[in-house]
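Residue strings, one per chain:
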Amino acid sequence: MKWIFVCLAACAGMFPLALAAETEAGKYAVRGAGLIDCQTFLDEQQKQSKAYLMIGGWIDGYITGVNQYANDTYDATSFESTELFAELIENHCRKNPEDRLFPVVNSIIQQRWGSRITEQTPRIGITLGEMHVGMYRETLNRIQARLAEKGFYELPATGEFDAKTITAIASFQKTLDGYKPTGFPDQATLWALFVE
């Protein structure tokens, strides 16, 4: 708990107090890490500083707020981790160092909005060797359906992480440059499966 206060004190000068943003519903204030510019994000990411950890917390908090207030939304992210968000932000910020963090994060959420989880669904633990991840059962159903669309899986989707699913994911990974065919649904594999 002490490090939070140290970080807040150390980072206080980094974040302007507030920034007005406008939506269709009107104006609202953006606070915290959403106010920093992309160059600051990149600098703190490079240092892996406490401020960078605080930015990750802000991203999670923002997504939680979206989940709470958006209609027909249980989770705005179906599989995307905070680390994946950081990588997507980094890719954007390298090209646009003056952009503010809030519109960048908001844009990523808007781009992925159609894939959000709309109803509560169980989270399941997936383990393969030393690799572990928590995932919504609905996401696993979607993985199986998407693999079927690409010819790697035979429906119906079961929402179970079984040998058939592992084989299908590994077969898909073999088609990707630089991927090891582990059969594990890591973030890079899921991004390639659903977005690229």
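Rules of the game
- Residues numbered from 1 in each chain as written.
- Predicted model: local features only at pLDDT ≥ 70, side-chain atom pairs only at ≥ 80, totals over all residues.
- Heavy atoms only, no water.
- Disulfide = S-S within 2.5 Å.
- Helix = DSSP H or I, 4+ residues; strand = E, 2+ residues; numbered from the N terminus.
- Buried < 20%, exposed > 50% of the residue type's maximum accessible area, 1.4 Å probe, protein only.
- Expected span 1.5 Å × (residues − 1).
- Pairing = 2+ DSSP bridges.
- Phe/Tyr/Trp six-rings, centres within 6.5 Å; stacked < 30°, edge-to-face > 60°.
- Core = buried A, V, L, I, M, F, W, Y, C linked by side-chain atoms within 4.5 Å.
- Contact = heavy atoms within 4.5 Å.
- Axes fitted to C-alpha atoms, helices over the stretch in contact; angles between N-to-C directions.
- Parallel < 35°, antiparallel > 145°, perpendicular 65-115°, else oblique.
- Nonpolar A, V, L, I, M, F, W, Y, C, P; charged D, E, K, R; others polar.

## Brief notes about the state of the cysteines
Each disulfide is one covalent bond, formed between the sulfur atoms of two cysteines.
Next, step 1: Here the structure, examined in full by the defined rule, presents 1 disulfide.
Next, step 2: The residue that forms a disulfide with Cys 38 is Cys 93, at a sulfur-sulfur distance of 2.1 Å. Because the sign of the S-S torsion sets the handedness, a value of about -55 degrees for the bond joining Cys 38 and Cys 93 places this disulfide among the left-handed ones. With Cys 38 in helix H2 (residues 38–47) and Cys 93 in helix H4 (residues 82–95), this residue pair connects regions lying 55 residues apart in the sequence. The two residues Cys 38 and Cys 93 agree in class, both being buried.

## Quick word on H4
Next, step 1: The terminal C-alpha atoms of H4 lie 20 Å apart, and with 14 residues this matches the ideal 20 Å at 1.5 Å per residue to within 8%.
Next, step 2: All buried positions along H4 are accounted for by Leu 84, Phe 85, Ala 86, Leu 88, Ile 89, Glu 90 and Cys 93.

## Describing the pairing of strand E4 (residues 131–136)
Next, step 1: One ladder, built from 6 bridges, connects strand E3 (residues 123–128) with E4; its direction is antiparallel. The residue of E4 that forms the bridge with Gly 125 is Gly 134.
Next, step 2: Linking E3 back to E4 in an antiparallel pair, the connection comprises 2 residues, with Gly 129 at a positive phi of about 65 degrees.

## Some thoughts on the packing of aromatic side chains
Next, step 1: Scanning all chains against the criterion turns up 7 aromatic pairs.
Next, step 2: For the ring pair Trp 58 and Tyr 62, a centre distance of 5.5 Å and an interplane angle of 5 degrees mean the geometry is stacked. One end of the pair is Trp 58 and the other is Tyr 62, both in helix H3 (residues 50–69) and 4 residues apart, which spans about a single turn. Neither Trp 58 nor Tyr 62 differs from the other in exposure class; each is buried.
Next, step 3: Arranged with centres 5.8 Å apart and planes meeting at 75 degrees, the rings of Phe 152 and Phe 172 form a pair that is edge-to-face.

## As for the nonpolar core
Next, step 1: Core analysis: the largest hydrophobic core is formed by 47 residues, its most contacted members being Phe 41, Ile 89, Leu 101 and Val 105.
Next, step 2: Counting only elements with at least two residues in this core, the list comes to H2, H3, H4, helix H5 (101–111), E3, helix H6 (137–149), helix H7 (163–174) and helix H8 (187–194).
Next, step 3: It is H3 that contributes the most residues to this core, 7 residues altogether.
Next, step 4: Non-local contacts of Phe 41, meaning those with residues more than four positions away in its chain, are made with Ile 36, Tyr 52, Ile 55, Ala 86, Ile 89, Glu 90, Cys 93 and Leu 101.

## Quick notes on the packing of H7 against H8
Any two packed helices are characterised by the angle at which their axes cross and by the distance between the axes.
Next, step 1: Two elements in contact, H7 and H8, have axes whose closest approach is 11 Å; the angle formed by their N-to-C orientations is 75 degrees. What the angle tells us is that H7 and H8 run roughly perpendicular. Where H7 abuts H8, its residues Ile 169, Phe 172 and Gln 173 lie against Thr 189, Ala 192 and Leu 193.
Next, step 2: Of the residues that constitute the contact of H7 with H8, the class distribution is 4 nonpolar, 2 polar and no charged.

Just distances and angles here, no functional claims.
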